[in-house]
Amino acid sequence: MAFLLRKVDRKRRFDRLPWLPEAEIQADSLREFATRNNSLSLWEIESDCSNLSRIIAALGARRDSLDKFDYALIDRRYVDDLAVQLVPRPGVSSDPEANERWHQEMVELSGRKIFGLATLMTTHAKVCRITRRSIEDQIRDFLDRGFIDPDAVSDGIRAALER
Amino acid sequence: MSRQSSNCTFSESQDHGAVPAPKVRGPGSVLFASWHLFRTSASESNVALHRILVGPQPDLAIHRSASDLLEQAEELRPDIDRLLHVATEEPYRDGMLGRAFDVVRSFLAKTSVAGVQVLTSRLLSRWMNDEVAADVVRMLGRAKHPVSLDDRRHLAERLLYSDSPLARDSAAVALADLEDPRGIEALEDAIAREQIPSLKADMRLALEDLVHYGVSTPES
């Protein structure tokens, strides 16, 4: 059972709020699924989550600064039920191997499918947070282990790690 | 082992009730004004501030500080308007220091403590967009400006009482980012009254960070 990871900007958009009818989603949650060229970037996570920290660190290392990291993790089978096309394409992170192995793009997305995905994510995904301190530890760890390319780490992160 | 919020579970039914009014802490005039301004509109704010601080009060020091603040408020209005405009145009994104953050940093660089207090009163006004207030408090939490640390902490503590879950969340993260252990008590209180389970868990995560990494001389 593999998972798909989607980085989110505002975790609160996935909360169940008291005014929200059962089985409905916050309208704002759709903003977490902004497409480009009708495609959406996702990362494949192994069934034992063995690559989860690695991908989070790789994404965190490309940001301007160390900060918390929020993400949604969903069982891939739910997404398969949506009948959307997932295509392996190189990702953009600081881990070259991860970019080739685990990045997927959801392509040819219609508005209905995005709504379906947002609904799935709200009702079935784990929405998690990693603190800034933990991200820092993970980036250091994967740099030391040679998974993160030092040249692909942002200047801001490099400076923060040197402090 | 990375620490994650304990709400990393599949979605559950959540509920949140009314948020009680904030407690007023400390005798400071600006603190008292901020509490009142929490409940007043931007347009009312100067009048309210004047009534509270410049009204028939015998304390000349309070009178003087209120006058100064009102004067500062007028002087800083264009800068604060610009800051809020940019923050509205470019929402804060975790880890990304965009134009809005640059504007916040340059505002802090050129302003005094009073400037941060004036910004605070705007952010706490009832007309402020919750999302913008949430973003600005996050940026203020991340900025280095030791002289205004107390005011930025007070702002975050007050936003813990916001009706907006997003603002409460950002306030909790900002308190952790400020690394000022004086914010622990307010965060503990916020956790105790929080009704949304996943937000409560994220606040606990912020508290854990603050307890572990809070330093007695933050931002030094």
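Residues numbered from 1 in each chain as written. Chains lettered and ligands numbered in written order. Predicted model: local features only at pLDDT ≥ 70, side-chain atom pairs only at ≥ 80, totals over all residues. Heavy atoms only, no water.

**Student:** How should the overall build of chain A be read in this particular structure?
**Tutor:** In terms of helices and strands, chain A carries six helices and six strands. Counting helices and strands in the order they occur from the N terminus, chain A gives β-β-α-β-α-β-α-β-α-β-α-α. For 163 residues, the compact-globule estimate of 2.2 N^0.38 gives 15 Å, and chain A sits close to it at 16 Å. In terms of overall dimensions, chain A has a C-alpha envelope of 50 × 35 × 30 Å along the principal axes. Contacts in chain A between residues at least 24 apart in sequence constitute 74% of all its contacts with a sequence separation of at least 6. Accessible surface computed for chain A: about 7300 Å², of which carbon and sulfur atoms make up 46%. (Helix = DSSP H or I, 4+ residues; strand = E, 2+ residues; numbered from the N terminus. Rg over C-alpha atoms; globule rule 2.2 N^0.38 Å. Contact = heavy atoms within 4.5 Å. Areas by Shrake-Rupley, 256 points an atom, 1.4 Å probe, with all protein chains shown as cover.)

**Student:** Any chance you could explain the confidence of the model for chain B here in plain terms?
**Tutor:** Parts of the prediction with low pLDDT should not have their coordinates interpreted in detail. Residue and element names in this part refer to chain B. Overall, the predicted model of chain B reaches an average pLDDT of 76, with 67% of residues at or above 70. Within chain B, helix α9 (residues 184–193) carries the highest mean pLDDT (98), whereas helix α2 (residues 42–53) carries the lowest (44). Below a pLDDT of 50 lies the segment residues 9–61, which in the model reaches 109 contacts outside its immediate sequence neighbourhood of four places, other chains included. Complex prediction metrics read pTM 0.81 and ipTM 0.93. (pLDDT = per-residue confidence, 0-100.)

**Student:** Could you clarify how one ought to interpret the environment of Arg82 of chain B in this entry?
**Tutor:** Residue and element names in this part refer to chain B. Among the structural elements, Arg82 can be located in helix α3 (residues 60–89). The exposure class of Arg82 is partly exposed, given its relative accessible area of 48%. Once the C-alpha coordinates of Arg82 and Val104 are considered, the two residues, 22 residues apart in sequence, prove to be 9.8 Å apart. (Buried < 20%, exposed > 50% of the residue type's maximum accessible area, 1.4 Å probe, protein only.)

**Student:** Teacher, can you tell me more about the interface of chain A and chain B here?
**Tutor:** When the parts of a complex come together, some accessible area is lost, and that lost area is often taken as the interface size. Each side of the interface is counted separately: chain A has 35 residues, and chain B has 38 residues. Both sides of the chain A and chain B interface together cover about 3200 Å² of buried area, and 43% of this is carbon and sulfur. It is Arg10, Arg12 and Arg133 of chain A that lose the most area in chain A upon contact with chain B, and together they represent 21% of the buried surface on that side. Scanning the region where chain A abuts chain B turns up 15 salt bridges. Listing elements by their share of the side of chain A that touches chain B, those giving two or more residues are β3 (69–75), α4 (111–124), β6 (126–130) and α5 (132–144) of chain A. In terms of residue count, β6 of chain A provides more of the side of chain A that touches chain B than any other element does, five residues in total. A class-by-class count of the residues in the side of chain A that touches chain B yields nine nonpolar, seven polar and 19 charged. (Buried area = accessible area lost by both parts, 1.4 Å probe. Salt bridge = Lys/Arg side-chain N within 4 Å of Asp/Glu carboxyl O. Nonpolar A, V, L, I, M, F, W, Y, C, P; charged D, E, K, R; others polar.)

**Student:** Sorry, what's going on with the pairing of strand β5 (residues 103–107) of chain A here?
**Tutor:** Each regular strand carries side chains that alternate between the two faces of the sheet. Residues and elements named next belong to chain A. Within β5, five of the five residues are buried, leaving the element largely enclosed by the surrounding structure. On β5, burial covers both faces: His103, Glu105 and Val107 on one face and Gln104 and Met106 on the other are all buried. When strand β2 (residues 40–45) meets β5, the two strands line up antiparallel, connected through four bridges. Its bridge partner being in β5, Leu42 is matched across the sheet by Gln104. Two strands pair when backbone bridges link them, and strand β4 (residues 85–88) and β5 are joined in this way by four bridges, in the antiparallel orientation. Paired with Val87 across the strands is Glu105, a residue of β5. (Pairing = 2+ DSSP bridges.)

**Student:** Hey, could you run me through unusual backbone geometry in this one?
**Tutor:** A negative phi holds for most residues other than glycine; trans holds for most peptide bonds. Residue and element names in this part refer to chain A. Even without being glycine, Ala23 reaches a positive phi, approximately 70 degrees. Inspection of the secondary structure assignment puts Ala23 in the loop between β1 (3–8) and β2. At Asn38, a position not held by glycine, the phi torsion is positive, near 60 degrees.

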